Amino acid sequence: MKAFASPTLSLNTPDGAARLWSLALLLLALAAQAPALPLAGWLPLGLALASRLLPARAWSNALRLLSLALCVGAAGLAFGWLDSTTLRLSLLLVLALKWAESRRVQEYALVSAAALVAVAIGMLQWGDGAGVLFVCTGVALLLASFGTLTCAGAPTRPAGKALGVALRDAFRQLLPALPLAALLFLFFPRIPGPLWDIGLSFGLPLPAGIEQSQQGLGASSRLKPGQTQTGASDGEPVLVAEFRNWVPPTNMLYWRGPVFYDFDGSEWQLDAEYASGSGRRLMQKGWRSAADFRQELRSSAQEIRYKVRLSAHNGLWLYALELPAQLTSESFIGPDWQLLSHLPVREEMSYELSSWLEWSAGSSLTAELRQRALALPATGNPQLRALGSELAQQGDADAIMRAGLAQLARGGYRLRDRFTPPEGENALDTFWFETREGNAEFFAASFVILMRAAGVPARLVTGYRGGKLMALTDYVVVKRNHAHAWVEIWDEAKGWRRVDPADLIAPDKYAGTPAQPRQEKKEAPKAQEKPTQSSGGASAPAGGSFAAVVAERPKPGEGWTLPDVSDWLGRWVFRLDAERQQKLLGGQGGGFAWIWLLVLAAAGSALLFAGKLLFGRWRESRRLPPAQRAWHKACRLLARKGLTGRTGECPSEFARRVSEERPQWADAMRQLGDSYAEWRYGRSPAAAAPAVSQASRLLINRILSE
């Protein structure tokens, strides 16, 4: 039996150097992924690396594959087959086992490239500054690993010198690419989400359907608090909207869906008409024309026009921005102001609409609807009920609402995309007074119950909020991870008004940036010049959200402070999306703004390449001896006068021919030809070199003096 493979790592050979650099990059990937790896996962990773000691036999690879299958199976059973922990651990195990069985330089280079991808994924677990450090170190190690592919015949060096030479060569290769990378990073249009979102935006026949299940917003007549996990990493598109004239701030885009009144203590339920999937009965309670619906409006402003491409979702909702100002074919406005279809949306469809972004609506509240908007379960959540009774002493609905938001502002609450929702009949009490973290739907549901306990009619509105602006165009892509929920309360003086607790808990999450109006069309409405952050309807405080009313933000410290480098990197590097890119470059929006960005990127790249080429030629010329540079300089000036050397012509013959054609330069030209020939072919070139430079200057002066 052959002896086990030696674990010795050496930098004196290409194989040993490649093995070391790939191992270093693999260990860096493990460090980057460390915060997300379970403690039990480190043992199989260590054993995978130690399998390098196994002999190079066929059964060794079979043992590695069997171990990989067992580890992945155990992780799948423990964490879930598609859980991020399982996928992360599987990737790292594959890399470790591949490194262990590799024997050639090319195999190590492949492991290094895959390990750098793992480093890039793992940097999301760290802060912005640490992420930069991980990426820069990973790129340097990758270049060092790739450098071993071309050093098969290189002389061996001691380990210390080999390390320094490899890092020096790596950074030498990296630095010239940085200006071009920075240029493309700044000017290349941002593409939110996968590349096929561009096709979705511009109407290409790509599948845009979402999972048509019985869960999620718009697909189910029941909703349990915390069920939707709003903001989850589900990137499936729901709709694509193309705006005309101007794109509103994304924080003002509320895509209205199902509205819930009835809560039994554990889940919200819609009316039976929605569950039946037939719009005929709902049409009798709603409005068949936009003109009839306008009678419900007390005030309206900011009318916008847009076109929607909607995915099939098996529900009746057409997901218009609230509130709809017109109808599309085969549609009507439901009793709770949603735009509904006559039949469930089972196929992708497109329609054009207009909507009001600012409004106050509701002519009156019927006794039946008031009773439903105030109904509370028979039991459960006693603390939230008691808090509502205290808030009822504030007086009118507006004061009660502000007092309720003040409770949120001072309670240390956190908005979480993923969380474990409390269960039981007192789940909302547990959330409000103990865990204090949840998604937007959980905050909205709890606030509805709080308002009802205070005697204020309230309802839960679900749908989607915002969207991703597509690379400075007029297209906004709304995905399932934009699922959202908010509250509407009834005010006798103002009607129904929107309240979004999420704006108070995490104001930066929905702070959108508006696209500028197109130059050739009308300007955006003046009311939009100062976009609100929470957009709480017409009753929202001017120039800000409800948070500004209930809780004053701390004033920034006076005097000079150290710059927050991490925040700067996060804002302008890691999170430089289409909206921030537009703000940074001062773009004017429009459907073809991305073309100008591409032109700028191409022009800048061409200038960089031209500068690099000129610099290379200048640097190459500086490597020539001074005498040869002087000869070439004089020859270039003669070439501009129409006198060029011939193939195989010696310097003396060239000087004689120039002297015959231009007798006024004869003395200087013969002196240059003789001195250059002496330097080039004589026995003492060092002594002849100064004469070449002197003769070249004399000839150049003669030529320029004419």
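Residues numbered from 1 in each chain as written. Predicted model: local features only at pLDDT ≥ 70, side-chain atom pairs only at ≥ 80, totals over all residues. Heavy atoms only, no water.

Things to note about the nonpolar core
Burial of nonpolar side chains together is a common tendency in soluble globular proteins. Rule in force here: Throughout this description, the term nonpolar core refers to a set of buried Ala, Val, Leu, Ile, Met, Phe, Trp, Tyr and Cys residues connected via side-chain atoms within 4.5 Å. When accessible area is computed with a 1.4 Å probe and restricted to protein chains, residues below 20% of their type maximum are described as buried, those above 50% as exposed, and intermediate ones as partly exposed. Strands are runs of DSSP state E lasting at least two residues, helices are runs of H or I lasting at least four, and both sets are numbered from the N terminus onward. Pairs of residues are marked as contacts when any of their non-hydrogen atoms sit within 4.5 Å.
Formed by 96 residues in total, the largest nonpolar core has its most connected members in Phe243, Trp255, Phe447 and Met451. With ten residues, the single largest contributor to this core is helix 17 (residues 440–453). Excluding residues within four positions of it along the chain, Met451 makes contact with Leu391, Ile400, Met401, Gly404, Val456, Ala458 and Ile489. In this structure, Ala17, Trp21, Leu26 and Leu93 belong to the second largest nonpolar core, which totals 35 residues.

Comments concerning the pairing of strand 15 (residues 483–491)
To keep it simple, the criterion reads: Two strands are said to pair when DSSP picks up at least two bridges between them.
Across the nine residues of strand 15, nine count as buried, placing the element largely inside the fold. On strand 15, burial covers both faces: Ala483, Ala485, Val487, Ile489 and Asp491 on one face and His484, Trp486, Glu488 and Trp490 on the other are all buried. Across seven bridges, strand 12 (residues 458–465) lies against strand 15 in antiparallel orientation. When the bridges of strand 15 are listed, Leu460 appears paired with Val487. By the bridge criterion, five bridges tie strand 15 to strand 16 (residues 495–499) in an arrangement that is antiparallel. Each bridged residue has a counterpart across the sheet, and for Trp490 the counterpart in strand 16 is Trp496. Linking strand 15 to strand 16, which pair antiparallel, is a turn of three residues.

Considering unusual backbone geometry
Cis geometry marks the peptide bond from Glu322 to Leu323, where omega comes out at -5°. Its place among the elements puts Leu323 in the loop between strand 6 (297–310) and strand 7 (331–333). In this structure, Asn314 is a non-glycine residue whose phi angle is positive, near 70°. With respect to the helices and strands, the residue Asn314 is situated in the loop between strand 6 and strand 7. You will see that Arg436, though not glycine, has its phi angle at about 60°, which is positive.

Some words on the environment of Ala40
Mapped onto the elements, Ala40 comes out in the loop between helix 1 (14–33) and helix 2 (42–50). Linking Ala40 and Ala75, residues 35 residues apart in sequence, is a C-alpha distance of 9.7 Å.

What about the pattern of salt bridges?
Going by this rule: By definition here, a salt bridge exists when the distance from a side-chain nitrogen of Lys or Arg to a carboxyl oxygen of Asp or Glu is within 4 Å.
In the structure shown here, the tally under the stated rule is 24 salt bridges. The shortest N-O distance in the salt bridge between Arg309 and Glu348 comes to 2.3 Å. Note that Arg309 is positioned in strand 6 and Glu348 in the loop between strand 8 (339–341) and strand 9 (349–361), a separation of 39 residues in sequence. Residue classification places Arg309 among the buried positions, given a relative accessible area of 13%. We note a salt bridge from Arg497 to Asp398, for which the minimum N-O separation is 2.7 Å.

Overview of the confidence of the model for the protein chain
Our working definition: Looking at any residue, its pLDDT shows the predictor's confidence there, from 0 to 100.
With 75% of its residues at a pLDDT of 70 or more, the protein chain has an overall mean of 77. Predicted confidence is poor over residues 588–592, with pLDDT under 50, and the contacts of this stretch with residues over four places away or in other chains come to 13 contacts.

Let's talk about the packing of helix 24 (residues 651–661) against helix 25 (residues 666–681)
The condition that has to hold: Helix axes use the C-alpha atoms of the stretch in contact, all axes being lines fitted to C-alpha atoms, and the angles between their N-to-C directions lie in the range 0 to 180 degrees. Reported orientations rely on four angle classes, namely roughly parallel under 35 degrees, roughly antiparallel over 145, roughly perpendicular from 65 to 115, and oblique for the rest.
The interhelical angle for the contact between helix 24 and helix 25, taken along N-to-C directions, is 175°, at an axis separation of 8 Å. Classified by the angle between their axes, helix 24 and helix 25 sit roughly antiparallel to one another. The residues of helix 25 that touch helix 24, namely those facing Pro651, Ser652, Phe654, Ala655, Val658 and Ser659, are Ala666, Met669, Arg670, Gly673, Asp674, Tyr676, Ala677 and Tyr681.

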